Amino acid sequence: MRNYILPVLFVLPFFLIGQKTTISLTARTPYCGGAKPTPEMALGTVRGLANQVLVINYRKLNAKPTDKWSSIVVTLDSNGKWKGKVPKKSEITIYLAEQLLSLSELKTKYALSDLKKYALREDAAIELWKSEPIYKNSIKTCKKNLEIEILEKCFLGLNPCYQYIGPKPR
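Bear in mind the structure is a predicted one, so any value in this text is a computation, not a measurement.

Asker: Now, about the overall build of the protein chain: what can you tell me, with residues and values included?
Answerer: Along its length, the protein chain carries four helices and ten strands. Its helices and strands taken in sequence order, the protein chain reads α-β-α-β-β-β-β-β-α-β-α-β-β-β from the N to the C terminus. In the protein chain, buried positions account for 31% of the 170 residues. Within the protein chain, residue pairs in contact and separated by at least 24 positions form 73% of the contacts whose partners lie at least 6 positions apart. Taken as a whole, the protein chain presents about 11300 Å² of accessible surface, with 58% of it coming from carbon and sulfur.

Shown next as structure tokens:
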């Protein structure tokens with residue numbers, strides 16, 4: 001009997017603290033062509049964001065506003081999914097790991113070689129993108145499937161540093 005008590009004391013808190021969560025992250029590319037699209041084309045295309053790194057920040061629901069947030073860094077699989085445990089009854093915000101980079105690191109990562117059709121966005125617009133989580137909610141149930149969809153921009157994809165100023169398709 002004693003042999004079972006010790007493992008139960010270590011395993012039981014893990015099941016009480018965490019909940020099974022599945023995160024699915026997809027990107028929707030809008031229709032950017034010139035010809036009149038079919039209804040299916042007008043919806044755009046959806047793809048899983050494979051191997052994307054996410055930062056999950058969480059804080060207990062009954063926490064004080066001054067309490068610190070804790071973080072988990074996860075990497076999505078080749079289908080844009082992650083399965084793991086997230087603390088129960090928590091307020092959760094999810095960011096792309098890129099959103100935590102400095103402004104200069106972002107500009108270097110997303111630099112474009114041909115600037116004839118693109119203009120650099122203002123620093124304030126990039127900082128606003130960095131501050132907005134891709135997901136924010138509170139989790140109260142034991143099992144949760146989080147399906148997050150990010151909308152890409154025409155001719156830019158997920159590049160937060162530039163805007164397209166080139167000609168529109170006909």
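Asker: Could you give me a rundown of the nonpolar core, with the residues and numbers involved?
Answerer: One finds I23, L25, L54, I56, W82 and I94 to be the most contacted residues of the largest nonpolar core, which totals 18 residues. Put simply, the parts of the chain that give this core at least two residues each are strand 1 (18–29), strand 3 (53–60), strand 5 (81–87), strand 6 (90–96) and strand 9 (144–151). Setting aside residues no more than four positions away along its own chain, I94 makes contact with I23, L54, V55, I56, P133, I134, Y135, L146 and I148. One finds L106, Y110, Y118 and C161 within the second-largest nonpolar core, a separate group that totals nine residues.

Asker: With reference to specific residues and values, describe the packing of aromatic side chains.
Answerer: With the rule as written, the count across this model stands at two aromatic pairs. Relative to Y164, the ring of Y118 has its centre 5.5 Å away and its plane inclined at 70°; by these criteria the two rings are edge-to-face. One end of the pair, Y118, is in strand 7 (residues 118–120); the other, Y164, is in strand 10 (residues 162–164), and 46 residues separate them in sequence. Overall, the relative accessible area of 18% leaves Y118 in the buried class. Taking 4.5 Å as the distance between ring centres and 35° as the angle between the ring planes, the aromatic pair formed by F155 and Y164 counts as tilted. Exposure remark for F155: the relative accessible area of 38% places this residue in the partly exposed category. Assessed through its relative accessible area of 16%, Y164 is described here as buried. Members of the aromatic cluster, connected to one another through ring pairs, are Y118, F155 and Y164.

About the thresholds
- Residues numbered from 1 in each chain as written.
- Predicted model: local features only at pLDDT ≥ 70, side-chain atom pairs only at ≥ 80, totals over all residues.
- Heavy atoms only, no water.
- Helix = DSSP H or I, 4+ residues; strand = E, 2+ residues; numbered from the N terminus.
- Buried < 20%, exposed > 50% of the residue type's maximum accessible area, 1.4 Å probe, protein only.
- Contact = heavy atoms within 4.5 Å.
- Areas by Shrake-Rupley, 256 points an atom, 1.4 Å probe, with all protein chains shown as cover.
- Core = buried A, V, L, I, M, F, W, Y, C linked by side-chain atoms within 4.5 Å.
- Phe/Tyr/Trp six-rings, centres within 6.5 Å; stacked < 30°, edge-to-face > 60°.

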